[in-house]
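One-letter residues, chain by chain:
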Amino acid sequence: MGELKSKVEGNVNEAIGKAKQQSNDPETRADGKGQEVKGKAQQAKGEVQGALGDDI
């Protein structure tokens, strides 16, 4: 179950981050880039959990 949760959270963070990067405010764009990177990391975590099982 942890695999799916990490992947969904990652997709959500990545989508929100991409949306924030469309802002005219440089601070919001920078925050969006960070959130997109966080989402990609969460997706990678989900991939690892899927490969190794949820016991990690």
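Residues numbered from 1 in each chain as written. Predicted model: local features only at pLDDT ≥ 70, side-chain atom pairs only at ≥ 80, totals over all residues. Heavy atoms only, no water.

Caption draft 1: Broad picture of the overall build of the protein. Scanning the protein from N- to C-terminus turns up two helices and zero strands. A compact globule built from 56 residues would reach a C-alpha radius of gyration of about 10 Å, whereas the protein, at 13 Å, exceeds it by more than 25%. Across its three principal axes, the protein shows a C-alpha extent of roughly 40 × 10 × 10 Å. In the protein, buried positions account for 23% of the 56 residues. Intrachain contacts of the protein at a sequence separation of at least 6 include 55% that bridge at least 24 residues. (Helix = DSSP H or I, 4+ residues; strand = E, 2+ residues; numbered from the N terminus. Rg over C-alpha atoms; globule rule 2.2 N^0.38 Å. Buried < 20%, exposed > 50% of the residue type's maximum accessible area, 1.4 Å probe, protein only. Contact = heavy atoms within 4.5 Å.)

Caption draft 2: Structural view of the pattern of salt bridges. Inspection of every chain in the model, using the stated rule, returns six salt bridges. A salt bridge links glutamate 14 to lysine 18; its shortest N-O distance comes to 3.7 Å. Taken together, the residues glutamate 14 and lysine 18, both in helix α1 (residues 2-20) and four residues apart, mark about one turn of the helix. The exposure class of glutamate 14 is buried, given its relative accessible area of 13%. Using a relative accessible area of 43% as the deciding quantity, one classes lysine 18 as partly exposed. When the shortest N-O distance is used, the salt bridge between lysine 40 and glutamate 36 registers 3.7 Å. With lysine 40 and glutamate 36 both in helix α2 (residues 26-52), this residue pair falls four residues apart, about one helical turn. Relative accessible area serves as the criterion here: at 44%, lysine 40 is assigned to the partly exposed category. Glutamate 36 gets classed as buried once you look at its relative accessible area, which sits at 8%. (Salt bridge = Lys/Arg side-chain N within 4 Å of Asp/Glu carboxyl O.)

Honestly, it's all geometry; don't read function into it.
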